[in-house]
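Observations on the three-dimensional arrangement
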Amino acid sequence: MKKTLLLLIVLCVNAGLEAQLSKTVDITAGGLNSALTSTEKATVTELIITGLMNSTDFSNIRSYMPLLEKLDLSGCTLTNDLLPNSALYGKTGLKEVIL
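**Focus on the overall build of the protein chain**
A count of helices and strands for the protein chain gives four helices and four strands. In the protein chain, the order of α-helices and β-strands from amino to carboxyl end is α-β-α-α-β-α-β-β. When each of the 99 residues of the protein chain is scored for burial, the buried share is 27%. Restricting to contacts in the protein chain with at least 6 residues of sequence separation, those with at least 24 account for 66%.

Have a look at this one:
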């Protein structure tokens, strides 16, 4: 009985750790940092951004979102209509970007 209970607890904890977090935010330039909590930034795997983005927002993506796999920018406008240099540099886990 104890082994079964322990197994169930381990499976539930593991399922929670494997859960993906999808988040949609509407921001103004430089507002991504305040649109997400520290926990959300650390655990988000899919991020959909609408509104206006600037280089500060891309810096936040690079620095604070280690698990990000999918980034949807189709609903946002970039300042000067340009993707900043090194916008997603080092994001090796990023599998999909929608522009």
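**Some words on the side chain of Asp57**
Within the secondary structure, Asp57 is located in helix α4 (residues 55-64). Within polar-contact distance, the side chain of Asp57 engages the backbone nitrogen of Gly30 at 2.9 Å. Other than its neighbours up to four places away in sequence, Asp57 contacts Ile27, Thr28, Ala29, Gly30, Gly31, Leu32 and Leu52.

**Regarding the nonpolar core**
Among the nonpolar cores identified, the biggest contains 18 residues, and Leu32, Leu47, Ile49, Met53 and Ile61 are the most heavily contacted of them. Put simply, the parts of the chain that give this core at least two residues each are β1 (21-27), β2 (44-53), α4 and β3 (70-78).

**Let's talk about the pairing of β2**
The pairing of β1 with β2 spans seven bridges and is classified as parallel. Looking across to β2, one finds that Ser22 is bridged to Glu46. Where β2 and β3 come together, seven bridges link them in parallel fashion. In the strand pairing of β3, Gly51 is matched with Cys76.

**Regarding the environment of Asp57**
Residue class for Asp57 comes out buried when judged on its relative accessible area of 0%. Each C-alpha atom of the pair Asp57 and Thr28 lies 9.5 Å from the other, and the pair is 29 residues apart in sequence.

**Observations concerning α4**
Of all the positions in α4, only Asp57, Phe58, Asn60 and Ile61 are classed as buried. With its buried residues spanning 155° around the axis, α4 presents them on a single face. Packed against the buried residues of α4 are β1, α2 (32-35), β2 and β3. Where α4 begins, the side chain of Asn54 points an oxygen toward the backbone nitrogen of Thr56, at a separation of 3.0 Å.

**Some remarks on unusual backbone geometry**
The backbone of Asn80 shows a phi angle near 60°, a positive value even though the residue is not glycine. With respect to the helices and strands, the residue Asn80 is situated in the loop between β3 and β4 (96-98). Backbone geometry places Asp81, a non-glycine residue, at a positive phi of 55°. Among the residues examined, Asp81 registers a relative accessible area of 65% and is labelled exposed.

Definitions and cut-offs
- Residues numbered from 1 in each chain as written.
- Predicted model: local features only at pLDDT ≥ 70, side-chain atom pairs only at ≥ 80, totals over all residues.
- Heavy atoms only, no water.
- Helix = DSSP H or I, 4+ residues; strand = E, 2+ residues; numbered from the N terminus.
- Buried < 20%, exposed > 50% of the residue type's maximum accessible area, 1.4 Å probe, protein only.
- Contact = heavy atoms within 4.5 Å.
- Polar contact = N/O pair within 3.5 Å; in protein donor to acceptor, adjacent residues only side chain to side chain.
- Core = buried A, V, L, I, M, F, W, Y, C linked by side-chain atoms within 4.5 Å.
- Pairing = 2+ DSSP bridges.
- Arc of directions from axis to C-beta.

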